[in-house]
Amino acid sequence: MPEIIRIDMDNPLYQKERELRNKVLLRPIGIPDFGWEMNDPMSWHFVAMDKSVLIGCVLLVPIDTKISKGQLIQMAVETNWQGKGIGKLLVQSLIAFAVSKGLKEIEIHSRAEVTSFYEQLGFKVYGDEFEEVGIKHRLLCLKL
Ligand SMILES: CC(C)(COP(=O)(O)OP(=O)(O)OC[C@H]1O[C@@H](n2cnc3c(N)ncnc32)[C@H](O)[C@@H]1OP(=O)(O)O)[C@@H](O)C(=O)NCCC(=O)NCCS
């Protein structure tokens with residue numbers, strides 16, 4: 001069974017995480033490789049590992065100075081592993097970590113077509129659809 005671990009940016013797995021994000025998140029919507037890394041140094045990075053192979057990732061970035069609120073970003077699962085529960089495991093690990101750090105709320109700018117993935121994990125939709133990086137998004141929040 002794949003496991004979820006938290007890594008720092010000096011871990012060699014970070015380079016694999018960047019490759020996965022390029023492939024699964026950025027290229028399909030026409031963003032240049034490595035084009036969405038501005039929050040990486042401030043974020044906690046979670047990766048899903050199948051033995052030594054990185055198959056998924058998600059980041060949690062604090063978005064207020066008191067670190068009571070975080071944003072889930074850069075959620076991606078390797079194409080041939082999608083639909084096998086890896087995304088769910090990643091988000092559950094991120095939530096448990098956020099609770100352990102005393103965060104009170106997690107928000108997501110979710111691509112509109114995957115909103116129900118997050119709703120199944122307890123997030124609620126707020127407000128109307130909006131456009132970000134050229135595609136439709138929704139705001140979701142989870143109170144912890
Ligand atoms: C969206 C994504 C992260 C989901 O991860 P996953 O590992 O495929 O999802 P899981 O297998 O853990 O699915 C968990 C549940 O969510 C549902 N789900 C998965 N992908 C979904 C999607 N795209 N839309 C709606 N529901 C979805 C599953 O049916 C499953 O329900 P179940 O427990 O009743 O069977 C993954 O498919 C992915 O990387 N997609 C491309 C990149 C992307 O869109 N990232 C999100 C940016 S906001």
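Everything quoted here is computed from the prediction, not taken from an experiment.

*Asks:* Before we move on, could you go through the environment of Val125 and cite the residues and values that matter?
*Replies:* As for its placement among the helices and strands, Val125 is situated in strand S6 (residues 124–132). C-beta crowding within 10 Å serves as the criterion here: with 17 such atoms nearby, Val125 is assigned to the partly exposed category. In this structure the C-alpha to C-alpha distance between Val125 and His109, which are 16 residues apart in sequence, comes to 9.9 Å. With residues up to four places along the chain from it excluded, the contact list for Val125 reads Thr115, Glu119, Arg138 and Leu140.

*Asks:* Let's hear about helix H2 (residues 86–100): which residues, and what values?
*Replies:* Because an α-helix packs 3.6 residues into every turn, residues spaced three or four apart end up facing the same way. Taking 1.5 Å as the rise per residue, H2 with 15 residues should run 21 Å; its terminal C-alpha atoms sit 21 Å apart, in good agreement. Buried positions along H2 lie against strand S1 (3–7), strand S2 (44–50), strand S3 (53–62), strand S4 (69–77), strand S5 (105–111) and helix H3 (115–119).

*Asks:* Explain the site of the ligand residue by residue, including any values.
*Replies:* Near the ligand there are 18 residues, and of these Val77, Gln82, Gly87, Lys88 and Phe117 occur at the shortest range. If you list the elements that add at least two residues to the shell around the ligand, you get helix H1 (13–26), S4, H2, S5 and H3. Across the shell around the ligand, the residue classes break down as 8 nonpolar, 7 polar and 3 charged.

*Asks:* Kindly report on the nonpolar core, identifying the contributing residues and their values.
*Replies:* Membership of the largest hydrophobic core comes to 26 residues, with the highest contact counts inside it found for Phe46, Ala48, Cys57, Val58, Leu72, Leu90 and Leu94. At the level of secondary structure, the elements contributing two or more residues to this core comprise S2, S3, S4, H2 and S5. It is S3 that contributes the most residues to this core, 6 residues altogether. Contact partners of Leu90, with chain neighbours within four places excluded, come to Ile4, Phe46, Ala48, Gly56, Val58 and Met75.

*Asks:* Quick rundown of unusual backbone geometry? Include the residues and the values.
*Replies:* One non-glycine residue, Phe34, lies in positive phi territory at about 60°. Locating Phe34 in the fold gives a position in the loop between H1 and S2. Look at Phe34 and you get exposed, because 12 C-beta atoms sit within 10 Å. For Gln74, which is not a glycine, the phi torsion comes out positive at approximately 55°. On the neighbour-count criterion, Gln74 (23 C-beta atoms within 10 Å) is buried.

*Asks:* Please give an account of the sheet that holds S4 that cites residues and values.
*Replies:* Strand order in the open sheet made by the 7 strands is S1-S2-S3-S4-S5-S7-S6, with mixed pairing throughout. Bordering the open sheet on either side are S1 and S6, each of which pairs with just one other strand. Ignoring strand direction, the axes of neighbouring strands in this sheet form an average angle of 25°. With 6 bridges joining them, S3 and S4 adopt antiparallel strand pairing. Considered in S4, the bridge of Leu60 is made with Leu72. Here H2 sits on the sheet and contacts S1, S2, S3, S4 and S5; the angle it forms with S3, its principal contact strand, is near 35°.

*Asks:* If you had to explain the environment of Gln74 to someone new, which residues and values would you point to?
*Replies:* With respect to the secondary-structure elements, Gln74 resides in strand S4. Sequence spacing of Gln74 and Ser93 is 19 residues, and the spatial spacing of their C-alpha atoms is 15 Å. Those residues in contact with Gln74 that sit more than four places away from it in its chain are Arg21, Leu25, Trp36, Cys57, Val58 and Leu59.

Here is what the cut-offs are and how they apply
- Each chain has its residues counted from 1, following the order in which its sequence is written.
- For a predicted model such as this one, the threshold for reporting local features is a pLDDT of at least 70, and the threshold for listing and counting side-chain atom pairs is 80 or more; totals across whole chains, interfaces and linings nevertheless cover every residue.
- In this text, helices come from DSSP runs of H or I with a minimum length of four residues, and strands from runs of E with a minimum of two, each type numbered from the N-terminal end.
- Exposed residues have 12 or fewer other C-beta atoms within 10 Å of their own C-beta, buried residues have 20 or more, and residues in between are partly exposed; the C-beta atoms are placed from the backbone.
- The contact criterion used here is simple: two residues whose C-beta atoms, placed from the backbone, lie within 7 Å are in contact.
- Under the convention used throughout, the expected extent of a helix is 1.5 Å for every residue step, that is, one less than its residue count.
- Residue proximity rests on one test: whether the C-beta atom, placed from the backbone, lies within 6 Å of the molecule or strand.
- Here the term charged refers only to Asp, Glu, Lys and Arg, the term nonpolar to Ala, Val, Leu, Ile, Met, Phe, Trp, Tyr, Cys and Pro, and the term polar to all other amino acids, Gly among them.
- Here a nonpolar core is just a set of buried residues of the types Ala, Val, Leu, Ile, Met, Phe, Trp, Tyr and Cys, joined wherever their C-beta atoms sit within 7 Å.
- At least two bridges found by DSSP between two strands is the condition for calling them paired.
- Axes here mean lines fitted to C-alpha atoms, for a helix over just the part in contact, with angles spanning 0 to 180 degrees between N-to-C directions.

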